[in-house]
Each structure stands twice: as C-alpha cells, then as structure tokens.
Amino acid sequence: MENHNTKKLSHLLRARFPYIYIATYEEDRATKFIKEIVKDKSKIKYPREVFIWTQATGLRNEDKVISNTTAPNKLIEYITNYDKDSIFILYDFHVFFGNKQRPADPAITRSLRDLIPTLKTSKVRKNIIFISPDLNIPESLQKDIVIYDFPLPKMEEIKSRLNKLIVSNQGIDTSNLSEEDKEKLCKAALGLTMQEAESAFALAMVNDGKLNKDDISIILEEKMQVIRKTGMLEYIQSDMGINDIGGLDNLKKWLLKRNNSWSEKAKKYCIPAPKGVLVTGVPGCGKSLTAKAMSTIWQLPLLRLDLGKIFSGIVGSSEENMRKAISTVEAVAPAILWVDEVEKGLNGVSSGNDSGVSSRVFGTFLTWMQEKTAPVFVIATANNIDKLPPELLRKGRFDEIFFVDLPTFNERKEIFRVHLLRRLKDAEICAKVKPDDNKFIEHLAGITEGFIGSEIEQVVISALCDAFFEDRALEPSDFEKAVNNTVPLSKTQREQILAIREWANIRAVSASSKENTKEYTKIETEIDDDDNDKDDITSSRGGRRLDV
C-alpha cells in the first residue's frame, strides 16, 4: 500500500476521528491494511487491539468471539464500556443506515451520536471503522463520519500476488513469460480487486497450462464484468487491427508512436501519458473503425460511453450517472474511452432547455478530462463540428484534433484491398476477380472518386449479392454496376463537407499523409445545373498537413 494512504489513515486514527467509512468490496484486504497500521508504533503512537463485527457472528478479536453482540444496540453498548485502546471494524453496518425506500433506524443513529464524546475525549483510544461495498451515510451522521478512499491494488501489489501464484503453481509453464510480459499482465489487471485479479490469473493458468502475454485477453474479460454492471458503458470487443484501416496514415502513425506510453520504459523518457484525440470529419470514413483498431493495437479495453444513457428523468441522477461512469472507467484503467458522435450527446449544452443539466454533466466531463491522472485515453468522434462547444476544442482537453476527409486515390486502393481480401476467399467465386489484382483495384479506385469508406464497402457487398442472387462467379462488371448505382455522400452532402473542410483547414491536422494526397485526382462535381457551376469538392482537402 502506498505511503500516502498509510499516512492518511494513521493521522485520522491519531486525531481521534470517531467514525471512519471505507467503501470497498475488499474487506479482507482493507482489514489487513488497518491491522498493519494499528500494530506499528512508527505509524501510530499507541498500538490498538482490533475487533471485527458482522451481524452474523457478532464481535470478535484474534482470541475469541464476544457473546451477545450481534444486535447493533448490544454492540454499541460493548464499545462504550470497553476500556482498552482499540479499533472496531464493522462490516456491512450500512444496512442500519436506511436507504431511499426506508429511513435509518433512529435509535441506532442516536446511540452512535451519543457515543461520539466518549470516542473523542476518553483516555481510552477507540475508533470505529465502517467497511461496506456501498457508501451509505444517514444525514444525521454526515458531519460525524469521515470517508476514507481505499484504493484498488497498485501495480506492485498485483505483481507480488502474481509472483506468489507462479511459485505456488510450479506445474504452470511460464517459460515464455518475460518480465515485460509479466508487467503487461499486471497492467491489464489494474482496476480489478485483488481477488478479481487473482481469479483472472488463475483462470489464465488453467486455460492452457501456460501463462504468457497472450493471456491478456482473459484478464480483460474479467474487466468486462465490472463494465457491464454500469449500464452506461459498453465494452467493445474488436479484432480490427492497424491493417484493417485503409489510409489515414498520419493518424495511424500518431497512435503507433504513443503505444505503451504507460509502460515503465516510457517513464524513463519522462513521456506524459496521452490524454486523447478528437477525430472529426466526413461520416463513414473510418473514425469509428480507428477507435476499434486502437484497442487491438494498444491491447487495452475499449469502453464506449453512451451519453444518451447518462441523462435520465430523475433530478440529480444525470450528474451522478456521469460520476459513476467516470469512476468505472478509472477503475478498469489503463483503458480507452470512446465517446461516439459526441456532438449529439451535448446538444442541450448551448440551448439551456433542460434547466442546466446538460451543462453540469458536460462540465463534470470537461473537468475530469483536464485533471484526470488515471491512464484513460479518450477518443471522441464527431460528424457535425458546428455543434461542438468551444470549451471541448481548446488545447489541454485533447492532445490533437484530427480531420478525416474523403479517401484519396491511394486510400481508396487500400480500402478496396482490405474488403476484397476479407470477403473474396472462395476460389470458384473469385475465378474472374482476384482480391490481389492491383490493376483491377486501381481501376476501382479510379471510378470511385468521392466515395467514402463505407460506400466502398457497400460496392463490394452489392457486387457479391448480385453474383450470389444469380448463382455464378463474381464478374468485374458487378463492381462497376454497383458504383454506377451509388450516389456518393460527396454529392448529397456537398455543402456540409465543404463547411467541415473550411473549419478543419485551420483547426485540425489531416488524418491522411502528404504522400497519399499527391496522386489525388481532380474531378469537377456539378452541383448547380442552372448556372452550370462546377466546384471541386474532392481536390480541396481540409486539415493541416503534418507528418506525425
């Protein structure tokens, strides 16, 4: 346990705080931590005897169980009369503090308040520590109870427990487990309780009788259990890799350079952990795909925050939902938090039509982004940048803002190659169309000027559907037919795309590299038949050209 946490609790005990509340599921680990403090004269001047109470067994110390102490009134009576320096640890006492459905027991809360002068001024040093998984304090005791934040296991603790597991299970093959791999496993387990981490390691060991870096996925699976319970966060499982993204070289290079930024090796370079990126631009051009690929590249869990689920009809609950979502993300850190279409979730910020709820929730999120110390990388995606609040865009919130434009000629080739290799696997179906035919792929890229990535994918799917319907091999003409039947987004939403580009020219970095745009073919797009006004949408590319 960190020295800071030890010092803080020892000071609370020495200062005679009568009631200390620890909200944690790890009662055994918390109790062990308390015992280490109260028996060490260097941490607390006068060592204390430790008692533990549960409603099932009553009060007990290391020697015996104290009879007739299961009832809370009898427990309080025993504490009042006990005449030795001591710590009383009460498990799950919150059940007597009431909840939204029923009030707290007035006799118990009154007895606890009456006990305060004795705990503070008596010559005998006594403290009461409540340990419970739920933080529930009755209003009448809020001024008398101090909350102590008991942290989840740190890296050193988890690594120590893993080493003990390896020693006690000599039959497990760890020959391919390097110290660096061990560190990655422990980092993946950060955010779990010690019991959860130990169970995850044990499951990884019995899965195949081995323990190596490939078992990180099993550790992340345990984290999914924590996330699913919130209802506001969704764990996204992705097998997408860096090669599944066609183009966007600048963005991919930026992400690859920051991989393992939370490792011990990175600390030697004094590299700060990246905060996040905002990816905006033309819809359907790979923003969401990038978020999914990041999880695979960085080997970190990807959590999608649904801002719509944050807001609810109960007054005050939206703000609490945001705080819970943030605490859950930090609990499973290091992790990637994906806020998809962030502008839609923040619609009410500027309108003020919801009595300021959106502004308060947004403010909580902004403050956390600015001040967070937990290794959480935020990737926010947006299509309509006009609706983004200016506070979100200022430096310090994100490390960089990337603009994703229509795919260039080279990028369209890459996108076609990705989808053809993924779908054209049967030799009979591909007799006339080869997924690695560079000449054919260049032809397809040339006739799909102005197509976005999702439209290119649909061209491939439509061609396959036509061949499937007629029960024949795929023909090159199937692709050309699908292209001719598609009206690309660059035509239907030309004005919106031009507006996004104008915004991105001075505010964002292009997600595509300079090399990819050199061969971009200029095509004039007619948008006004009456004036015969031709304007080039596909050759005027938005975003600063930086090689990152």
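Everything below is about the structure printed above this text.
Residues numbered from 1 in each chain as written. Predicted model: local features only at pLDDT ≥ 70, side-chain atom pairs only at ≥ 80, totals over all residues. Heavy atoms only, no water.

Asks: Which residues make up the overall build of the chain, and what values go with them?
Replies: Within the chain one finds 24 helices and 16 strands. In the chain, which comprises 548 residues, the proportion classed as buried is 49%. Accessible surface, the chain: about 26,900 Å² in total, of which carbon and sulfur atoms supply 48%. (Helix = DSSP H or I, 4+ residues; strand = E, 2+ residues; numbered from the N terminus. Buried < 20%, exposed > 50% of the residue type's maximum accessible area, 1.4 Å probe, protein only. Areas by Shrake-Rupley, 256 points an atom, 1.4 Å probe, with all protein chains shown as cover.)

Asks: Explain the sheet that holds strand E9 (residues 276-281) to me, and be specific about the residues and the numbers.
Replies: If you trace the 7 strands from one edge of the open sheet to the other, you get E8-E10-E11-E12-E9-E13-E14, paired in mixed fashion. The two strands at the open ends of the sheet, each matched to only one other strand, are strand E8 (233-236) and strand E14 (509-510). Looking at chain direction, E9 and strand E12 (residues 376-382) are connected through 5 bridges and run parallel. By the bridge assignment, Val277 is partnered in E12 with Ile379. Packing against the sheet, helix H9 (residues 249-257) makes contact with E9, E12, strand E13 (400-404) and E14, and its axis sits at approximately 150° to E13. (Pairing = 2+ DSSP bridges. Contact = heavy atoms within 4.5 Å. Axes fitted to C-alpha atoms, helices over the stretch in contact; angles between N-to-C directions.)

Asks: Mind laying out unusual backbone geometry, listing which residues take part and the relevant values?
Replies: The phi torsion at Asp92 lies on the positive side, around 55°, for a residue other than glycine. Within the secondary structure layout, Asp92 lies in the loop between strand E5 (86-91) and helix H4 (106-121). Backbone geometry places Glu341, a non-glycine residue, at a positive phi of 50°. The residue Glu341 is located in the loop between strand E11 (335-339) and helix H14 (342-345) in this model.

Asks: Which residues make up the sheet that holds strand E7 (residues 145-148), and what values go with them?
Replies: Whether parallel or antiparallel, the strands of a sheet pair through hydrogen bonds between backbone atoms. Taken together, 7 strands build an open sheet; the order of strands is E4-E3-E2-E5-E6-E1-E7 and the sheet is mixed. The open sheet terminates on both sides in strands that have one partner only, identified here as strand E4 (65-66) and E7. Here 2 bridges tie strand E3 (residues 58-60) to E4, and the two strands are oriented antiparallel to one another. Each bridged residue has a counterpart across the sheet, and for Leu59 the counterpart in E4 is Ile66. Helix H2 (residues 27-38) contacts strand E1 (19-23), strand E2 (49-54), E5, strand E6 (126-132) and E7 of the sheet and is inclined by roughly 175° relative to E5.

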